[in-house]
Amino acid sequence: MFQEIENKELFKQTQQFSLDYLESIFNRNVYPTEEALANLSKFDEELPLDSTDAKNIIEQLHTYGSPATTATLGGRYFGFVCGSSLPVGLAAKNIGTFWDQSPSMNVLSPISNKLESVVEKWFIELFNLPKNSSAGFVSGTSIANLSGLIAARYRILKNNNWDINQKGLMGAPKIRIVTGKQAHSTVLKAIGMLGLGHENIEWVEVDNQGRIIPELLPKLDSNTILILQAGNVNSGAFDDFNSICKKAKEANAWIHIDGAFGLWAGAVNELKHLTKGMENATSWAVDGHKTLNTPYDSGIILCADKEAMIAALQMSGSYIIESKERDSMFYTPEMSRRSRVIELWAILKYLGKEGIDEMVLTFHKRATLFAKEVSKIAGFYVENDVVFNQVIVRCDTDDLTERVLNKIQELRDCWLGGSVWHGKKVMRVSICSWATTEEDIHLAVASFQKALELESM
């Protein structure tokens, strides 16, 4: 093993395979071919008794693994809101892989904690958040939402003279959960994991775009966690933060915004009207690996109540060495984790404010172009107001919509998934890759048309 590090041939081989992959990924089929999927059987084997040559292992991964990847890195993957990866992010992550840092304590990784401190300040400035806000760097918005609600639970119970860390939930004062009827599944998952219970949710009706209707909000109070949405997972719509947050702040409710991909609109001059008033919330969850196009995985929890965040996610132990600088274990549920801030810092520095603005606005422009072009084809209907990067498309019937979607997936010129929107089956187009060009949009729309023609015969 030491010899493999010393002669570096293994790493040179891996680098060449990686470059070969990058050269082909933007022009190949978006989803693996049937042959590539069948070849995954090459990995079905018993655990070897003896050691396997390292070069053979990397060759196997490249030969049979690379063709079986989904081309989320390219410009025509419109399925789940995954995002692509900017080249500088891939390069920075590669350095980070060799550094192999665990940033839980400053003493474990001074560079990681320094970068987290810097990026925290950048986020506060980008999103115009309260100056005392804190940031935790987690795997994605699933954990970011969980972390924000953990902090909310702590603060509400602490204000009721109940220490959740010591007393637990048994006999605790009741916490109210208020959210819209189209809250994302990760929000519901977090509520369940926290023991707050889905049956206790006070659901608020939404409009035809999936936005909470402000007038239908129940009376809020200081025991309420109000969960809002920046970017509906289907329509891309945003709740009216300006009016809702004002009402919630007057009631001293905790306001959490699930902004996995949509919060980034707040960093774009032409789109920031969508997030007006979001700075009045208490916590915000957002992904880097979606709209910002960092490599997987990258999520951020931002919280205006730093004391609640640290108290709720606290760590202790005689062996722990606290620093006068940042110790990031106090801002996330995990202690052991990789230093994902490395590539996040690199991309933010590479793009700068103007670059972020341009890239995110381009997603919106590409989505608008897609909606315009597909609407020209008889038999396709755009079902949402395209305010950000999401386009919802359907055909004349549910059956035809489903068959056309399956055919588009089979053609592999682009890839997208399905959903249900106001009781109808739809195709859900998510545009969030820096690599998506106007030509990619034209190719995708042509694939839609071809699929419709084939399924209408």
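Owing to the predicted nature of the structure, the values given are computational and were not obtained by experimental measurement. Every chain begins its residue count from 1, and numbering advances along the sequence as written. Where local features are concerned, this predicted model is filtered to residues with pLDDT of at least 70; where side-chain atom pairs are given and counted, the filter is 80 or more; whole-chain, interface and lining totals use all residues. Values shown for side chains rest on all heavy atoms present in the structure; no hydrogens or waters enter the calculation.

**Considering the sheet that holds strand S7 (residues 299–303)**
The pairing criterion is simple: DSSP has to find at least two bridges between the two strands. Segments assigned H or I by DSSP are reported as helices when at least four residues long, segments assigned E as strands when at least two residues long, and all are numbered from the N terminus. Overall, mixed pairing links the 7 strands, which are arranged S1-S7-S6-S5-S4-S2-S3 in an open sheet. Every interior strand has two partners, whereas the edge strands, strand S1 (134–138) and strand S3 (201–204), have only one. Each strand axis lies, on average, 20 degrees off the axis of its neighbour in the sheet, ignoring direction. Judged from the 4 bridges that link them, strand S2 (residues 176–180) and S3 form a sheet pairing that is parallel. When the sheet's bridge partners are listed, Gly180 is paired in S3 with Val204. In this description, contact between two residues means that some pair of their heavy atoms is separated by no more than 4.5 Å. Angles run from 0 to 180 degrees between N-to-C directions of axes, and those axes are lines fitted to C-alpha atoms, restricted for helices to the stretch in contact. In the packing of helix H6 (residues 110–126) onto the sheet, contacts are made with S1 and S7, and the angle to S1 comes to roughly 115 degrees.

**Considerations on the sheet that holds strand S11 (residues 424–430)**
Read across the open sheet, the 4 strands follow the order S8-S9-S11-S10; overall the sheet is antiparallel. Only two strands of the sheet have a single neighbouring strand rather than two, namely strand S8 (381–382) and strand S10 (417–421). Here S10 pairs with S11 via 5 bridges, running antiparallel. Each residue of the ladder has a partner; that of Gly418, found in S11, is Met427. Strands S8, strand S9 (390–394) and S11 of the sheet are contacted by helix H12 (residues 341–375), whose axis makes an angle of about 15 degrees with S9.

**A short note on the nonpolar core**
What is meant by a nonpolar core is a set of buried Ala, Val, Leu, Ile, Met, Phe, Trp, Tyr and Cys residues, joined one to another through side-chain atoms within 4.5 Å. Only protein chains enter the area calculation, which uses a 1.4 Å probe; residues under 20% of their type maximum are buried, those over 50% are exposed, and those in between are partly exposed. If you look at the biggest cluster of nonpolar residues, it comprises 60 residues, and the most contacted ones within it are Phe123 and Trp264. At the level of secondary structure, the elements contributing two or more residues to this core comprise H6, S1, strand S4 (224–229), helix H10 (241–250), strand S5 (254–258), strand S6 (283–287), S7 and H12. With 12 residues, H12 is the largest single contributor of residues to this core. Apart from residues lying up to four places away in sequence, Phe123 is in contact with Asn128, Phe137, Trp264, Ile300, Leu302, Leu344 and Leu348. Within the second largest apolar cluster, 39 residues are counted, among which are Leu146, Ile227, Met309 and Ile320.

**Here we look at the side chain of Glu120**
Examined against the element boundaries, Glu120 turns out to sit in helix H6. Residue Glu120 is classed as buried on the basis of its relative accessible area of 11%. Apart from residues no more than four positions distant in its own chain, Glu120 is found in contact with Ser133, Ser134, Ala135, Phe137 and Arg326.

**A closer look at the packing of helix H7 (residues 141–159) against helix H9 (residues 185–193)**
Two quantities define a packed helix pair, namely the angle between the helix axes and the distance between the axes. Contact pair H7 / H9: the axes reach a minimum separation of 9 Å and the direction vectors enclose 45 degrees. With respect to H9, the axis of H7 lies oblique. Where H7 crosses over H9, the handedness of that crossing is right-handed. For the pair formed by H7 and H9, the contact residues are Ser142, Asn145, Leu146 and Leu149 on the first element and Thr186, Val187, Ala190, Ile191 and Met193 on the second. Throughout, the term roughly parallel applies to angles under 35 degrees, roughly antiparallel to angles over 145, roughly perpendicular to angles from 65 to 115, and oblique to all others. In this scheme, a crossing is called left-handed if the near helix is turned counterclockwise away from the far one by less than a right angle; it is called right-handed if the turn is clockwise.

**A short note on H10**
By the burial criterion, the buried members of H10 are Phe241, Ile244, Cys245 and Ala248. Each buried residue of H10 sits inside an arc of 95 degrees when the element is viewed along its axis, so together they form one side. For H10, the exposed residues set more than 90 degrees away from the buried face come down to Lys246 and Glu250. Turning to H10, the residues buried within the fold contact S4 and S5. In the segment just after H10, Asn252 is the residue with positive phi, at about 65 degrees. Each direction from the helix axis to a C-beta atom contributes to the arc, which is the arc of those directions.

**Focus: the pattern of salt bridges**
Between side chains of opposite charge, a pair can form as their charged atoms come close. Definition used for salt bridges: Asp or Glu carboxyl oxygen within 4 Å of a side-chain nitrogen of Lys or Arg. Across all of its chains, the model carries 23 salt bridges by this definition. With a closest N to O distance of 3.1 Å, Glu455 and Arg403 form a salt bridge. Of the two residues, Glu455 sits in helix H14 (residues 438–455) while Arg403 sits in helix H13 (residues 398–411), which places them 52 residues apart along the sequence. Relative accessible area serves as the criterion here: at 19%, Glu455 is assigned to the buried category. Taking the relative accessible area as the measure of exposure, Arg403 reaches 31% and is therefore partly exposed.

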